[in-house]
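Take a look at the letters that make up each chain.
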Amino acid sequence: MVQPVLSIKSLVVEIPTRKGVLRPVDRVSYDIFPGEILGIVGESGAGKSMTGNAVIGLLERPAHIVSGDILLSGNPIHNLSASEFRKIRGKKIGMIFQDPLTSLNPLLTVGEQLVETIIEHLAVSKKQAQERAIAALEEVGIPAARERIGSYPHQFSGGMRQRVVIALALCAEPDLVIADEPTTALDVSVQAQIIALLKRLCRERGVGVMLVTHDMGVIAEAADRVAVMYAGRLAELGAVRDVLSDPKHPYTYGLMGSTPLASRGLKRLNQIPGSMPRLGALPEGCAFSPRCEFAQEVCKTGSSPFIANVDAQAACWFPLPHTKSRSSK
Amino acid sequence: MSAIVRAKALRRLFDVSKPWLNRVVEREPKAFLTAVADVDFEIEEGSVYALVGESGSGKSTIGKMVVGLTGPTDGTIEIDGIVITGNDQKAKIAEARTKLQMIFQDPYASLNPRWKVRDIIAEPAKLRGLEIKGLPERLLQKVGLSPEDADKYPHEFSGGQRQRICIARALSSEPKVIVCDEPTSALDVSVQSQVLNLMSDLQEQLGLTYLFISHDLTVVEHMADKIGVLYLGALVEEAPKETLFASPLHPYTRMLFDAAPKLDAFGREVDVPKGEIPDPINPPAGCSFHPRCPLATSKCKKTRPQMRLIGNTRVACHHV
Amino acid sequence: MGAIFAPFLAPHDPFNPATLNLMNGFTGPMTPNQFTQDVFVLGTDDQGRDVLSTILFGMRISLFVGFSAVFLAMILGVILGLLAGYIGGWLDSVIMRVADVQLTFPSILVAMLIFGIAKGVTPAEFRDQVAIWVLILAIGLSDWVQFARVVRGATLVERQKEYVQAAQLIGRANIAVMLKHILPNVLNPVLVIATISLALAIIAEATLSFLGVGAPPTKPSLGTLIRIGQEYMFSGEWWILFFPAITLLALALSINLLGDWLRDALNPRLR
């Protein structure tokens, strides 16, 4: 079996506050393999970005990893010091953020930023780095890369800027790329371009991509596998096709049903009642139980289900049956 | 049915010139951004009219002009037959304006954090001189919150609940037309569906008219009766929902439909749309979509297409 | 606290000539007077006034002047800042240019200028009575700029928010939008600046009094006390200068700490 690029095992992140300890990430486990896009989807506050931050060692104090392992190509990275982390960030892990304007330095030309990153992480001369930078820009589809390498970030449009960010994330040839809402700030037509680009590069380079987003549509188009998060826990994990067209967890089922697309032709949209509980006020048992139409006694009082202890695609004591049998209900 | 909102040749420019001194020194002319260019549309009473478009399409500017937050540079807006964009008959205009309300995009910025929910909801009614005793409580119940919430402050509510409060505030002055500017784009999917359902229910119960502004085609498809597609400030296509989704005519509309992510398109290899939205300060000559259009010919580069009626659809393209 | 309750706390009334005994002049701290055997905790000054009591009363005057001046500056600054930020246009330009010009002069200079003018126009016999009010006016007028700048900045931010648009579209008058919607939301930074300004105003008052243009010796503030004490610094009666100076320092420091605390307490993210 291929070794995963990233392997997260039962990761727990806690934030101590005056009112008690919050767990924005609770016993989360997943693997990302080379050449694969794993989509992390969930609503705001579900802990999807926090997991990504833990992987790149950018948890903001006082949040910290309490237990669990993070393995990058088999090597543990969850207990590295800040300076050791700095070495693998950029080199082994590339990052793409939501707002391309803030992730580029406005005072340096695009070329300078690329060359700087390449020289820092790869053993090449300045001249070679320059050539690599141009190649990187060409690869992400920036026309006339040789001329535009001297331009500043503000001279690019939003979509082009996000391409530059992608080039920057990939130029040191990382094994893993973390893309946190990479298309949320972009228009639909540009979003399609960026998704296509990410998919192509992921496949060609064989890098693993963690694609964090709240948009089910983006997940459906881009990801190979998907992890659905709810209240800091993994609700469901599996191949995109299985999870989206045949969800086993009632939350995923509700989430899919409440998109306007899924209720096409209906007068009213399906909706999940209530909203996600705050981390400080998680219900006992399954975190989704108060909103779940299938919830039973054990869901509300028993221990919380995790994918590890229910041994299935969904962290649910009563995973939904196959879609076909459900629709005949 | 009659049109309750009627916009004619609506045009809005924004002055984006540098400061006066710089302009004189650098000998540059004044620069203008055309946010809205010659837009005509009518909204039937009791219907939902949606404006879709990407950033810079002018959809929010149109919404602001309809409620009177900003005036048009040219053109007129009529509400219930009264022109509200002129300067004469101030009393009549003020009266017509009371029929308008707005729901905003960002539920965190649209409620005054220092006010109690009760006062927030009552304010529009109070200003109209309506009876406000018990009104906030009634409206809160109507939007699915509890009457006790009236004494809380906005920060005690989640995004979806705040948007419900915004809806309650909009209803309190008993408007006929509500402009909804991206009302759910800041909300999570499961909350979005709750808010959209609430808005549909209220529209039906109270016979409201919505001008629904959004960039999200799936939301628009669910909510709207009639849809206008905007590109760079101009209406490129307008049709009843069914017609538009069944047979989009304008190449831009088609591109939008193709580019929108779909839930059942696993691993779909899309025909990636070309290019990006051009700079609105210097839009392309002729049809502003021609640099990205697969059908563009030399005619498109020179003359701007006029709106034509084809079946149920109004479309601005030389090639349909 | 001590200053507010000065009349009850002070062991001696320093300004009642009947209780003053010139014999008690220049008594050292905690030592019995060589003529009268009276003991004064912090000693007495040249006219036999108890230093502790004068400090307590001096603080009262300093604080009163400080509070009033800051209040004046705050009212003026908030109104002008709101107008500049909300109305914008030429009004904004005019107000902020005036503020910029005033900012290029040290505020103590502006205060002295105002003080000088006021002194010129008031008849001599009222001078001592109005001195304190003139002082307040002078410091207040020299201090409004930072309030105006902060309020204008905050107003510009708030004006863009949608709740302001919601109020505008139902036809709320500008003045109502400004006072009811924007003002409560820009007050946090104003209160923080006010506490910092308070410390500065007290020091400004002390400086003016020290320079002899402030509170008259009949109603000495801390600055006046320091000026008086300074004359005796090298002749051995160090306490006349030392204790008022320490008090001023402690006062300014504690007000600054109060400001820090207030800033944290008002910051919703830290709550």
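Structure first, text after, so check above.
For the structure given in this document, a descriptive report is provided here. For clarity, every value in this text was computed on a predicted model and none was experimentally measured.

### What about the overall build of chain C?
Of regular secondary structure, chain C possesses 9 helices and 0 strands. When the helices and strands of chain C are listed from N to C terminus, the series reads α-α-α-α-α-α-α-α-α. For chain C, with 271 residues in total, the buried portion stands at 42%. Once local pairs closer than 6 in sequence are excluded, the contacts in chain C between residues at least 24 apart make up 67%.

### Here we look at the interface of chain B and chain A
With 34 residues of chain B at the contact, the number on the chain A side is 34 residues. Breaking the side of chain B that touches chain A down by element, the ones donating at least two residues are helix 7 (189-206), helix 8 (217-223) and helix 10 (251-259) of chain B. The element contributing the most residues to the side of chain B that touches chain A is helix 7 of chain B, with 8 residues. Grouping the amino acids of the side of chain B that touches chain A by side-chain chemistry returns 16 nonpolar, 11 polar and 7 charged.

### Quick notes on the interface of chain C and chain B
Much of the literature gives interface size as the accessible area that the parts lose upon coming together. Between chain C and chain B, the contact holds 13 residues from the first and 18 residues from the second. For the side of chain C that touches chain B, the secondary-structure elements that each account for two or more residues are helix 6 (162-169) and helix 7 (174-210) of chain C. The element contributing the most residues to the side of chain C that touches chain B is helix 6 of chain C, with 6 residues. Of the residues that constitute the side of chain C that touches chain B, the class distribution is 5 nonpolar, 5 polar and 3 charged.

### Overview of unusual backbone geometry
Most peptide bonds adopt trans geometry, and most residues besides glycine take a negative phi value. Residue and element names in this part refer to chain A. In this structure, Glu 181 takes a positive phi of about 50° despite not being glycine. Assignment of secondary structure puts Glu 181 in the loop between strand 7 (176-180) and helix 7 (188-205). In this structure, Ala 231 is a non-glycine residue whose phi angle is positive, near 50°. With respect to the helices and strands, Ala 231 occurs in the loop between strand 9 (225-230) and strand 10 (233-239). Judged by C-beta crowding, with 24 C-beta atoms within 10 Å, Ala 231 ranks as buried.

### Topic: the packing of helix 10 (residues 250-258) of chain A against helix 7 of chain B
Between helix 10 of chain A and helix 7 of chain B, the least distance of the axes is 8 Å, while the angle of their chain directions is 45°. Taken together, the axes of helix 10 of chain A and helix 7 of chain B are oblique relative to one another. Helix 7 of chain B is crossed by helix 10 of chain A, and the crossing has left-handed handedness. Here A:Gly254, A:Leu255 and A:Ser258 of helix 10 of chain A lie close against helix 7 of chain B, whose contacting residues are B:Val189, B:Ser190 and B:Ser193. Among the residues forming the contact of helix 10 of chain A with helix 7 of chain B, the class breakdown is 2 nonpolar, 4 polar and no charged.

### Focus: helix 1 (residues 48-55) of chain A
Residues and elements named next belong to chain A. The buried count for helix 1 comes to 7 of 8 residues, which makes it a mostly enclosed element. Those residues of helix 1 that fall on the buried side of the exposure criterion are Lys 48, Ser 49, Met 50, Thr 51, Gly 52, Ala 54 and Val 55. Of the residues one or two after helix 1, Gly 57 is the one with positive phi, at around 65°.

### Brief notes about the packing of helix 7 of chain A against helix 10 of chain B
The contact between helix 7 of chain A and helix 10 of chain B brings their axes to 9 Å, and the two run at 45°. In this view, helix 7 of chain A runs oblique relative to helix 10 of chain B, as classed from their interaxial angle. In the packing of helix 7 of chain A onto helix 10 of chain B, the handedness of the crossing is left-handed. Contact residues: A:Val188, A:Ser189 and A:Ala192 in helix 7 of chain A; B:Met255, B:Leu256 and B:Ala259 in helix 10 of chain B. Classifying every residue of the contact of helix 7 of chain A with helix 10 of chain B gives 5 nonpolar, 1 polar and no charged.

### Things to note about the sheet that holds strand 4 (residues 64-72) of chain A
All names here are of chain A. Strand order in this open sheet of 4 strands is 2-1-4-5, and the pairing throughout is antiparallel. Each having just a single partner strand, strand 2 (20-32) and strand 5 (75-76) make up the two edges of the open sheet. Direction of pairing for strand 1 (residues 6-17) relative to strand 4: antiparallel, over a ladder of 7 bridges. Bridge pairing in strand 4 links Ile 8 to Ile 70.

### Some thoughts on the environment of B:Tyr153
Residues and elements named next belong to chain B. For Tyr 153, the location among the structural elements is in the loop between helix 5 (135-142) and helix 6 (159-172). Residue Tyr 153 is classed as partly exposed on the basis of its C-beta count, with 14 C-beta atoms lying within 10 Å. With 34 residues separating them in the primary sequence, Tyr 153 and Asp 119 have C-alpha atoms 9.9 Å apart. Discounting residues that sit within four places of it in the chain, Tyr 153 has contacts with Pro 113 and Lys 116.

### Side note on helix 4 (residues 126-139) of chain A
Residues and elements named next belong to chain A. Taking 1.5 Å of rise per residue, 14 residues should cover 20 Å, and helix 4 covers 20 Å from first to last C-alpha, within 8% of that figure. Residues of helix 4 that are buried include every one of Ala 129, Arg 132, Ala 133, Ile 134, Ala 136 and Leu 137, and no others. On its buried face, helix 4 is in contact with helix 3 (110-121), helix 5 (145-148) and helix 6 (158-170). Once helix 4 finishes, Gly 141 follows within two positions and takes phi at roughly 85°, a positive value.

### Notes on the nonpolar core
B:Leu211 and B:Phe212 are the most contacted members of the largest nonpolar core, which has 249 residues in total. Each of domain 1 (1-92 + 174-271) and domain 2 (103-169) of chain A accounts for three or more of the residues forming this core. Leaving out residues up to four positions away in the same chain, B:Phe212 has contacts with B:Val48, B:Tyr49, B:Ala50, B:Cys180, B:Val220, B:Met223 and B:Ala224.

### Let's talk about the sheet that holds strand 12 (residues 313-315) of chain B
All names here are of chain B. Sheet architecture is open: 8 strands sit in the order 6-7-8-3-9-10-12-11, paired in mixed fashion. If you trace the sheet from one side to the other, it starts and ends with strand 6 (100-103) and strand 11 (308-310), each paired once. Sheet twist, expressed as the mean angle between neighbouring strand axes with direction ignored, is 20°.

Calculation rules
Residues numbered from 1 in each chain as written. Chains lettered and ligands numbered in written order. Predicted model: local features only at pLDDT ≥ 70, side-chain atom pairs only at ≥ 80, totals over all residues. Helix = DSSP H or I, 4+ residues; strand = E, 2+ residues; numbered from the N terminus. Buried ≥ 20, exposed ≤ 12 C-beta atoms within 10 Å, placed from the backbone. Contact = placed C-beta atoms within 7 Å. Nonpolar A, V, L, I, M, F, W, Y, C, P; charged D, E, K, R; others polar. Axes fitted to C-alpha atoms, helices over the stretch in contact; angles between N-to-C directions. Parallel < 35°, antiparallel > 145°, perpendicular 65-115°, else oblique. Left-handed = near helix turned anticlockwise from the far one by under 90°. Pairing = 2+ DSSP bridges. Expected span 1.5 Å × (residues − 1). Core = buried A, V, L, I, M, F, W, Y, C linked by C-beta atoms within 7 Å. Domains from an automatic or database assignment.

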